[in-house]
Every structure is written in C-alpha cells, then in structure tokens.
Amino acid sequence: MNEIFNVLENPQAVITLAVLTLAICLFVSSALAPELTGLLSVALLIGTGVLSPQKALAGFGSPALITLMGLFAVSAALFKSGALDRLRELIASESIRTPRRLIALLGLVVAPVSGVVPNTPVVASLLPVIEGWCIKRKLSPSRVLLPLSFATVLGGTLTLLGSSVNLLVSDISDQLGYGAFDLFTFTAIGVPIWLIGTLYMLLAPQSLLPDRGKISSEFGGSSDQTGYFTEVTIPPNSELVGHSLRNSRLQRRFDVDVLEIQRDKERLLPPLADRILKSSDRLLIRITRSDLLRLQQEHTVQLTKKDLNVEKKFFLTNSDKGQKTVEVLLPAGSTLAGASLRELRFRQRHNATVLALRRGQQTVQERLGQAILREGDVLLLQAPTDSIRGLQESNDLLVLDQFENDLPTVTRKPIAIGIAMAMLIVPSVTSLPLVAAVLMAVIAMVIGGCLRPTEVQRSIRLDVILLLGSLSSFSVAMQATGLADAFASSLEYFLEDLPTYSALLVIFLSTTVFTQFVSNAASVALLAPIAVQLAPSMSLPPLALLITVLFGASQSFLTPMGYQTNLMVFGPGRYRFLDVTRYGAGLTVLMTLLVPGLILLKYGGS
C-alpha cells in the first residue's frame, strides 16, 4: 500500500484516481450513458493537464477502432445479403426437435459464427426464429434463450474479430508497447473454452433452465402469463358493450388476460370474469403479440392514447400505407430508461406508436403512458418504414425485427460470404494488416452490391466507437501517472505467496466479478494496465496477463447486465435475475478453473 500513498503525492495521479472513481460510479449507477461517461473522462483528463489532447484522443484513431468500424459494415452486409439464412432455416427445421438438439446447434454452429460476426446482431437475428421454434414445439423460450446468449459469448473469444473488447485489449497492448494482437492470437485458448463451454451447456441439468412459459389459469389469474402489456378502451359501438368478460368474444377468441378495468375514477381489480363491460371502459390487458396483431382487424377495442399526448383516436389497425409493426429493445445504457412514454413524448419524438410493452416476468400495473421504462423492456411499435429505419440508427433502441425489403437480392449471398472469407484468410497468410483487409472488405461489399453506400454509415455503432475510443485514455493516464505500477505492486504483495496458477485465477475471477458492475470494456481499460505490471513477478509474458483480463471480462455469465446479449434474451425469455446466475454459476466456475490452466499451458510460468 505504501506505493499507492507515494504515488498519490503526485497531483496528476490524484486527479486521475478521482476521474477513475467518478467514471466507475457513473458506470455502475448508469446516471450517464457509458459512451458519455467515457467522453467526460477524456475531457477531464485533458482539461486538468493529465494528458495532452494527442495522447488522450489517440484511441479514436487506433487501427483497432478503425477495424471495428469496418467490421460493423461487413457484418451488416452478411446479414442483409442473407448469408446467415441457412442457419435460420436449420434452427426451424424438423431435425431440431428438442432443447438439447437446439443447444447443440447453438454451441457448435452459432458460436463459431460469433467468432467473426459481432454477437449482438447474431442474437437479434435469431431471437424471432427461436421464439417461433418454441411456439411450434410448445416449449418455454426460457429453456433455450440463455444458451443462445452464452453460445455467442463463448464464440466471441475465438478470434480477434469476435468482440469489440478483443479489439480494445489489442489496442491497449499496442499502446503499452507490447504490440497489437494478430487475428488468431488467443484462438488456441478460445477453442478449448468454446468446446468445453458447449459441453457444459449440453450436460447441464435442464432444471437449471427454468420453465417460465405460459401457465394455464382462469381468466384474470396468474401473473406468470406471457405476452405484452397494453391499454385499450372500449368504444361506444363495440360489440363488447353489455357483455361480461367471460362471455365476450375477447375471451373466446383471444388469449387475453385482463389485469384491471378503469371505469371513470374507479379501478376494478380481479376477479373480473363476470364484470359487465361498458362503453369507455379502459382495460389493462396482457396479450401475446400474435393476438394483438389479430385484434388490429377487429375494431372492437381502441388503443388508448390519452396518456401519450395524442389527441386523435387511434384504432388498432395496420392498414395505413407504409406502416409496419416491429419489436424494439431498450439496451443497457439506453437514455430512455427511467422515464415514462408520456414524459419522453415518445410518439412525437420517434414518429412511432407504442402498441404494447413486454417486461420479463413482471406485471406492469401502470397505464402504458405512465409506465417507467427499464433496460431490457421490449416495446411493440407501429410506425412508418422510414421512422423504423431511423430507429435502427438510434443507440437507445435496438430493432429486433428485420425488413425483408431492406435485403439485397439473395444472389449476392455467395459474394458476401466469399469476401468475408477472404478478409479472414488473407491477413493470416500474408503480411497485409488486418485493418487493411477489413477496409478492403467493406469496399468490396459495396462494389459487389451486398451493401449500399448509405448503409455503411448506418451500420456503425457510434455508441460503441465513442466508448472504446475514450476508454483507451484510462490506460494511458494510469501508466503516465504511475498509478498502474502502484496498484500492481500492491496486488503483487497479496499474490506473492500464491502459485502462478492461483494468482492467474484470482486475476481472472476479479475481472469477471468487476465486469458484473461495469461494462466489460471499462473493466478491461481499468484492469489491463495493472495486470501487465505483474508479468515479471509471475515469470509470464505481458501477453498472458492481458489475455487473462480479456477472458475474465468476456466470459460473463452471472448477471443479465454482465453482457449485452444476456440482457437481450432476458425479457423474451421472461427470466428472473437469479435465473441467469443459477445457470451461469457453474460455467463461471468452470472457466475460472480452466482459463488460468490454458494460459499457463501456452505461455509457461513457474
């Protein structure tokens, strides 16, 4: 600890530590979007004179970040050309009949795809396919959606291109003077982790994956019923007027659960089956997506819009020209979380009407316009096509559906696959830098008709670019002020009596736990500069410590917030918080024991 006190005599070290502490608090509390926290940290480090603008902003021009930008475009071209349609068809085929067969497919096929394609679009593309498979097989999505997320996480460490965090660690390694990673630098470690992780998912007891499916109950019963929550009003000319819920067409034809009736200033709560419906009654209902879309043709209920600041009446109809109905997810870090639709003036802001809200297992008892949005919520929207395309560019919403008319002709599929393969092979067998191969692949995708020029810019996740570009300044500041050396010396004191394997295990587990509270990119940026300073005392090359931190930040299986894909499947799978922990704990223990051993096997050590 003396080293830390000594280095804190340097005012710049104190400032750096204060900025790091502020950043961690903002990351944990989500008071600011992660990319804004990163930009604020850069501004503070420059403004206080800790770093020059050139050093603080160097991350924004790094080859790793340019590679990631190009990779976003290449991935978009692969999806738009239908390069992964065969995988979607395979999931929906008759040969995949049981959850274990589907998990095997996810582990053995989807995971390797995630080694070269960012896992977020992979999960977004496969979510509706797997949900359809569950409906067809009459199984709960909770039986298979966590394995989908975990499979993409395992596959993300197969190559340098599998995750943005991989590229960030490569960039940090280069800045620290150890050189950038090659495409297959850690593949020898990633392959056994992928295979053993897949084996775990295949052999793990099915009881670890809870059944959160639909539970049969009387009308107005269990809160475990599935579907969306929305609010409708009974118009004066509706055939429901004068009938009870039990005897209405709403009950007989649709899978609808009425949670509450609001009549003038009175709230009527279950049991409601024998209540006689009246004109202007407002019903808070739970309904499946398919039934809600079927109701669009009935005109027996009216979507309540009073709370959304819309004066005109809006009926559940999809007949307006150019209108489409899509699902969107509030991802981690969305600035919409914490506010209601009415406060956000959502319809005016996005030119999109919220038809319904889905929130995992929780029952939304507020009116739709008053419900406070949370990360992981899924909204069912109706909007013009152009507005939905605008939503695709938003960092606050992730569109889960895909427009068929946005896809280039399937004849471009072989071209897209060929370009992607060349992008991987050429840097491996020649001296061509990876960043050059990726940029050439982007141009080839455009020339080959797999991607429109305007779609290149739209495919780039600006929030990810801003976050990774700004976080690299942390490692530079910690090195420049001596904080990295001081923290490493203190950590070395606690690890000095431990065998090398045990020390690596502590570093891996510490990184994994830290990642549950802040983003994995932030974990890497903060811990990598400290870990590499331990290399001499552990008789290991710095690369071994960097890879330990990388895998600790990437193998995140304990919480929904630990990884973006975990949060993406959390709502559709109707999981509870501890469901992720229960299923992921065994895999985390396995990785904690396995990764340090594989690193020692590859890099040696005493």
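Computed from a prediction, not measured in an experiment: that's the story for all the values here.

**A closer look at the nonpolar core**
Nonpolar side chains in soluble globular proteins tend to end up buried together.
Item 1. Counting residues in each nonpolar core, the largest one holds 147 residues, and the members touching the most others are Ile-130 and Phe-474.
Item 2. Among the elements that make up this core, the one with the highest residue count is helix H5 (residues 63-80) (11 residues).
Item 3. Leave out the neighbours within four places in its chain, and Phe-474 touches Val-19, Leu-20, Ala-23, Phe-27, Ser-41, Leu-45, Ala-525 and Leu-526.
Item 4. Ranked by size, the runner-up nonpolar core spans 21 residues in total, among them Val-326, Leu-341, Leu-368 and Leu-381.

**As for helix H17 (residues 413-429)**
Item 1. The first and last C-alpha atoms of H17 sit 25 Å apart over 17 residues, in line with the 24 Å expected at 1.5 Å per residue.
Item 2. For H17, every residue scored as buried is listed here: Ala-416, Ile-419, Ala-420, Met-423, Leu-424 and Pro-427.
Item 3. Contacts made by the buried residues of H17 are with H5 and helix H18 (434-447).

**Comments concerning the packing of aromatic side chains**
Item 1. Within the structure shown, the criterion is met by 5 aromatic pairs.
Item 2. Taking the centre distance of 4.8 Å and the plane angle of 65° together, the rings of Phe-150 and Phe-557 count as edge-to-face. Of the two residues, Phe-150 sits in helix H9 (residues 145-155) while Phe-557 sits in the loop between helix H24 (542-554) and helix H25 (564-570), which places them 407 residues apart along the sequence. Pair check on accessibility: Phe-150 and Phe-557 agree, each one buried.
Item 3. Pairing Phe-181 with Phe-186 gives two aromatic rings, centres 6.1 Å apart and planes at 75°, and the pair type is edge-to-face.

**Describing the side chain of Ser-75**
Item 1. With respect to the element layout, Ser-75 can be found in helix H5.
Item 2. In terms of polar contacts, Ser-75 uses its side chain to reach the backbone carbonyl oxygen of Leu-71, at 2.9 Å.
Item 3. Ignoring sequence-local partners within four residues, the contact set of Ser-75 consists of Val-117 and Pro-118.

**What to know about the packing of helix H7 (residues 99-114) against helix H8 (residues 119-137)**
Item 1. Orientation of H7 relative to H8, taken along the N-to-C sense of each, is 160°, at an axis distance of 12 Å. The orientation of H7 with respect to H8, classified from their angle, is roughly antiparallel. Taken as a pair, H7 and H8 cross one another with a handedness that is right-handed. Within the contact between the two elements, H7 uses Pro-99, Leu-102, Leu-106, Val-110, Val-113 and Ser-114 and H8 uses Asn-119, Val-122, Leu-126, Ile-130 and Trp-133.
Item 2. Grouping the constituent residues of the contact of H7 with H8 by class yields 9 nonpolar, 2 polar and no charged.

**Concerning the pairing of strand S1 (residues 228-233)**
Item 1. Of all 6 residues that make up S1, 6 are buried, and the element is covered over most of its length.
Item 2. Taking every second residue as pointing to the same face, both faces of S1 are buried, with Tyr-228, Thr-230 and Val-232 on one and Phe-229, Glu-231 and Thr-233 on the other.
Item 3. Where S1 lies against strand S4 (residues 282-287), 6 bridges are found, and the strand directions are antiparallel. Paired with Thr-233 across the strands is Arg-282, a residue of S4.

**Structural notes on the pattern of salt bridges**
Item 1. Scanning all chains against the criterion turns up 5 salt bridges.
Item 2. Ionic pairing is found between Arg-263 and Asp-281, a salt bridge with its closest N-O pair at 2.7 Å. With Arg-263 in strand S2 (residues 256-263) and Asp-281 in the loop between strand S3 (266-268) and S4, the pair connects residues that are 18 residues apart, well separated along the chain. Here the two residues Arg-263 and Asp-281 agree in accessibility, since each one is buried.
Item 3. Where Arg-582 meets Asp-579, a salt bridge forms, and the shortest distance between an N and an O atom there is 2.9 Å.

**A word on the confidence of the model for the protein chain**
Item 1. For the protein chain, mean pLDDT is 80; residues scoring 70 or higher make up 87% of the total.
Item 2. For the protein chain, strand S6 (residues 314-315) is the element with the lowest average pLDDT, namely 38, and helix H11 (residues 187-203) is the one with the highest, namely 94.
Item 3. Within the model, pLDDT remains below 50 along residues 214-225, and this stretch shows 29 contacts once partners closer than five positions in the same chain are excluded.
Item 4. A low-confidence stretch, residues 404-409 stays under pLDDT 50, and its non-local contacts, those more than four residues away or across chains, total 15 contacts.

**Observations regarding helix H16 (residues 385-392)**
A turn of α-helix holds 3.6 residues, and therefore any two residues three or four places apart point the same way.
Item 1. Those residues of H16 lying buried are Thr-385, Ser-387, Ile-388 and Leu-391. Angularly, the buried residues of H16 cover 160° about the axis, an arc narrow enough to put them on a single face.
Item 2. Structurally, H16 contributes buried residues whose contacts are with strand S7 (323-329), helix H15 (346-350), strand S9 (378-384) and strand S10 (398-399).

**Observations regarding unusual backbone geometry**
Glycine aside, a negative phi is what most residues show, and trans is what most peptide bonds show.
Item 1. Positive phi values are uncommon outside glycine, yet Arg-345 reaches one of about 50°.
Item 2. The residue Arg-345 is located in the loop between helix H14 (341-344) and H15 in this model.
Item 3. In this structure Arg-345 comes out as partly exposed when scored by relative accessible area, which is 43%.
Item 4. At Ser-539, a residue that is not glycine, the phi angle is positive and equals roughly 55°.
Item 5. With respect to the helices and strands, Ser-539 occurs in the loop between helix H23 (520-532) and H24.

Rules used throughout
Residues numbered from 1 in each chain as written. Predicted model: local features only at pLDDT ≥ 70, side-chain atom pairs only at ≥ 80, totals over all residues. Heavy atoms only, no water. Core = buried A, V, L, I, M, F, W, Y, C linked by side-chain atoms within 4.5 Å. Buried < 20%, exposed > 50% of the residue type's maximum accessible area, 1.4 Å probe, protein only. Helix = DSSP H or I, 4+ residues; strand = E, 2+ residues; numbered from the N terminus. Contact = heavy atoms within 4.5 Å. Expected span 1.5 Å × (residues − 1). Phe/Tyr/Trp six-rings, centres within 6.5 Å; stacked < 30°, edge-to-face > 60°. Polar contact = N/O pair within 3.5 Å; in protein donor to acceptor, adjacent residues only side chain to side chain. Axes fitted to C-alpha atoms, helices over the stretch in contact; angles between N-to-C directions. Parallel < 35°, antiparallel > 145°, perpendicular 65-115°, else oblique. Left-handed = near helix turned anticlockwise from the far one by under 90°. Nonpolar A, V, L, I, M, F, W, Y, C, P; charged D, E, K, R; others polar. Pairing = 2+ DSSP bridges. Salt bridge = Lys/Arg side-chain N within 4 Å of Asp/Glu carboxyl O. pLDDT = per-residue confidence, 0-100. Arc of directions from axis to C-beta.

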